[in-house]
Amino acid sequence: RTKGAEAYMRLCELKEKEVVNAKDCCRLGFVEDLDIDCKTGCVLALIVPGPVRFCIFGYDFEYVIPWKCICQIGPDIILVDVDPEKAKHKL
């Protein structure tokens, strides 16, 4: 959706897009959550869960991708430029 020159997107729409790293063309996964600054209402980061643990439901880590690392949001993917090891956060 657009309103004038501004674009709007809901979290449910972001969750349908796959996150791909421009550095190595690696698929990181799908957006699960957002990190939001409660004082300003600004989105600080995308939260993407890591791979599922073997035979156990859950994740060992998640990717926390700063908003400034987003290169482009397209119809199907979100292109990011991030070091995956630095973006990993243990759970």
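Scroll up for the structure.
Anyway, here's the lowdown on the structure attached to this text. The structure presented is a predicted model; accordingly, all values stated were derived computationally and were not measured.

### Re the nonpolar core
Right, so step 1: Grouped together as the largest cluster of nonpolar side chains are 16 residues, with contacts concentrated most on V19, L28, L46, Y63, I65, I78 and V80.
Right, so step 2: Listed by contribution, the elements that provide at least two residues to this core are β6 (43-49), β7 (61-66) and β9 (77-80).
Right, so step 3: In terms of residue count, the dominant contributor to this core is β7 (three residues).
Right, so step 4: The contact partners of L46, leaving out residues within four places of it in the chain, are L14, V31, D33, L34, Y63, V64, I65, W67, I70 and I78.

### With respect to the sheet that holds strand β5 (residues 33-36)
Right, so step 1: Taken together, the four strands give an open sheet; going across it, the order is β5-β6-β7-β10, and neighbouring strands pair in antiparallel fashion. Either end of the sheet is taken by a strand with one partner, and the two such strands are β5 and β10 (88-90). Sheet twist, expressed as the mean angle between neighbouring strand axes with direction ignored, is 35°.
Right, so step 2: In the sheet, β7 pairs with β10 via three bridges, with the strands oriented antiparallel. What sits directly across from Y63, in β10, is K88.

### Here we look at the packing of aromatic side chains
Right, so step 1: In this structure the tally under the stated criterion is one aromatic pair.
Right, so step 2: Here F61 and Y63 contribute two aromatic rings whose centre-to-centre distance is 5.3 Å and whose plane-to-plane angle is 85°, an arrangement assigned as edge-to-face.
Right, so step 3: By relative accessible area, which is 13% here, F61 ends up buried.
Right, so step 4: On the basis of relative accessible area, Y63 is assigned to the buried category, the value being 9%.
Right, so step 5: A cation over a ring is seen here: K88 above F61, with NZ or CZ 4.6 Å from the ring centre.

Conventions used here
Residues numbered from 1 in each chain as written. Predicted model: local features only at pLDDT ≥ 70, side-chain atom pairs only at ≥ 80, totals over all residues. Heavy atoms only, no water. Core = buried A, V, L, I, M, F, W, Y, C linked by side-chain atoms within 4.5 Å. Buried < 20%, exposed > 50% of the residue type's maximum accessible area, 1.4 Å probe, protein only. Helix = DSSP H or I, 4+ residues; strand = E, 2+ residues; numbered from the N terminus. Contact = heavy atoms within 4.5 Å. Pairing = 2+ DSSP bridges. Axes fitted to C-alpha atoms, helices over the stretch in contact; angles between N-to-C directions. Phe/Tyr/Trp six-rings, centres within 6.5 Å; stacked < 30°, edge-to-face > 60°. Lys NZ or Arg CZ within 6 Å of the ring centre and 35° of its normal.

Keep in mind these numbers describe shape, not what the thing actually does.
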